Amino acid sequence: MWNKKRIVGLLLLLVVVFSVGCKGKENDVKEETTETEVTEEATEVAKEPTSLFVSRWAGPHADTQKEIIKDYTDSMVTIDDVDYGNLKQKQILSFQSRPGDGNYDVVWVNYFWMKEYVENGYLLPIDDYIKENGLDTSMYSKSMMESCIFDSKTYGLPTFAQTLILTYDSVALENAGLEVPKTTDDLIAV
């Protein structure tokens, strides 16, 4: 991932290289660019918003994010919200395509897929971004954070937790002569 400092640095380098490359040309009508003009030109270019292409599981979370980014003008963010059944396949196709072919910049990843994505080199660690921005990861559940860490490197941040709840009709169980299950084996038997 490119941060603003890297983008500005690259732009400055490109402008300087371009200026030096054009310096000795006889048919050059424009006067030699000064360092101040180069810096101002690079700053103007750097002010242009960065474009981000985000892969996201479709649904209420994606809808909320789309509403939030409407007012965010520092970058042009496009959210590609995909139904869960096709999400992993579409992400992997993006990871395996040539750079510049509409690849995702940011992905929402089910923690079940995280290890596979890391082992295949699809994800980059985000530890430097966490440190640069002073993010306190202790706000997350320890086990949820651990699902994002491989070889002491952090590859993501938890987005939400789900709790599975089992409910039962005690009258229906009693009428069927069954007892409330207390273990998984009991539940399967019932």
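Please refer to the structure placed before this passage.
We now examine the sheet that holds strand S3 (residues 106–107). Strands pair in a sheet through their backbones, by hydrogen bonds, and they do so in one of two ways: parallel or antiparallel. Ordered by their spatial adjacency, three strands build an open sheet running S2-S1-S3, and the pairing between neighbours is parallel. Only two strands of the sheet have a single neighbouring strand rather than two, namely strand S2 (75–82) and S3. Sheet analysis places strand S1 (residues 50–57) next to S2, joined by eight bridges and oriented parallel. In the sheet register, Arg56 faces S2, and the bridge partner there is Asp81. Across the sheet, helix H3 (residues 60–69) is in contact with S1 and S2; its angle to S2 comes to roughly 165°.

Before going further, it helps to examine the nonpolar core. Within soluble globular proteins, side chains that are nonpolar tend to cluster in buried spots. With 16 residues, the main nonpolar core has Phe95, Met114, Tyr117, Val118, Leu123 and Tyr155 as its most contacted residues. Among the elements of the structure, helix H4 (84–96) and helix H5 (111–119) are those that each provide at least two residues to this core. Looking at this core element by element, the count peaks at four residues for H5. For Met114, the contacting residues outside a window of four places in its chain are Val109, Leu123, Ser147, Cys148, Phe150, Tyr155 and Gly156.

Turning our attention to H4. Because the α-helix completes a turn every 3.6 residues, residues three or four places apart line up on one side. Helix length check: H4 (13 residues) gives 19 Å between terminal C-alpha atoms against 18 Å at 1.5 Å per residue, within 8%. Within the sequence span of H4, burial applies to Leu87, Gln91, Ile92, Ser94 and Phe95. Relative to the axis of H4, the buried residues are bounded by an arc of 160° and lie together on one face. The exposed set on the far side of H4, more than 90 degrees from its buried face, consists of Gly85, Gln89, Leu93 and Gln96. Of the surrounding elements, those touching the buried residues of H4 are S1, S2, S3 and H5.

The next thing to look at is the packing of aromatic side chains. For the coordinates displayed, the defined rule picks out 12 aromatic pairs. For the ring pair Phe95 and Tyr117, a centre distance of 5.0 Å and an interplane angle of 80° mean the geometry is edge-to-face. Linking Phe95 in helix H4 with Tyr117 in helix H5, this pair joins segments that are 22 residues apart in sequence. Like Phe95, the residue Tyr117 is buried in the burial classification.

This paragraph deals with the side chain of Ser94. Tracing the backbone shows Ser94 in helix H4. When its relative accessible area of 9% is taken as the criterion, Ser94 is described as buried. In this structure the side chain of Ser94 is engaged in a polar contact, spanning 2.9 Å, whose partner is the backbone nitrogen of Tyr104. Among all residues touching Ser94, those that are not within four sequence positions of it are Gly102, Asn103 and Tyr104.

Moving on: the packing of H4 against H5. H5 packs onto H4 with a crossing angle of 10° between their chain directions and a minimal axis gap of 13 Å. Looking at the two axes, H4 sits roughly parallel to H5. Contact residues: H4 offers Tyr84, Leu87, Lys88, Gln91, Ile92 and Phe95, while H5 offers Trp113, Glu116 and Tyr117. Residue classes in the contact of H4 with H5 are distributed as six nonpolar, one polar and two charged.

Rules behind the numbers
- Starting from 1, residues in each chain are numbered consecutively following that chain's sequence as written.
- Thresholds applied to this predicted model are a pLDDT of at least 70 for local features of residues and 80 or more for the giving and counting of side-chain atom pairs; totals over whole chains, interfaces and linings are not thresholded and use all residues.
- Side-chain measures were taken over the full set of non-hydrogen atoms in the model, leaving aside hydrogen atoms and water.
- Pairs of strands are assigned from DSSP output, requiring at least two bridges between the strands.
- Strands here are runs of E lasting at least two residues and helices are runs of H or I lasting at least four, both read from the DSSP assignment and numbered beginning at the N terminus.
- Contact between two residues is taken to exist if any of their heavy atoms lie within 4.5 Å; hydrogens are not considered.
- Throughout, an axis means a line fitted to C-alpha atoms (over the contacting stretch in the case of helices), and angles, computed between N-to-C directions, take values from 0 to 180 degrees.
- Nine residue types can take part in a nonpolar core, namely buried Ala, Val, Leu, Ile, Met, Phe, Trp, Tyr and Cys, and a core is a set of them joined through side-chain atoms within 4.5 Å.
- The rule is simple: take the accessible area with a 1.4 Å probe, protein chains only, and divide by the maximum for that residue type; under 20% is buried, over 50% is exposed, in between is partly exposed.
- A helix's residues, less one, multiplied by 1.5 Å, set its expected span.
- What the arc measures is the spread of directions leading from the helix axis to the C-beta atoms.
- By convention, a stacked pair of Phe, Tyr or Trp rings (six-membered ring in the case of Trp) has centres within 6.5 Å and planes under 30 degrees apart, an edge-to-face pair has planes over 60 apart, and any other such pair is tilted.
- Counted as a polar contact is a pair of N or O atoms within 3.5 Å, where, for protein atoms, one must be capable of donating a hydrogen and the other of accepting one, and residues adjacent in sequence contribute only when both atoms are in side chains.
- Roughly parallel here means an angle under 35 degrees, roughly antiparallel means over 145, roughly perpendicular means 65 to 115, and every remaining angle is called oblique.
- For this classification, the nonpolar set comprises Ala, Val, Leu, Ile, Met, Phe, Trp, Tyr, Cys and Pro, the charged set comprises Asp, Glu, Lys and Arg, and every other residue, Gly included, is treated as polar.

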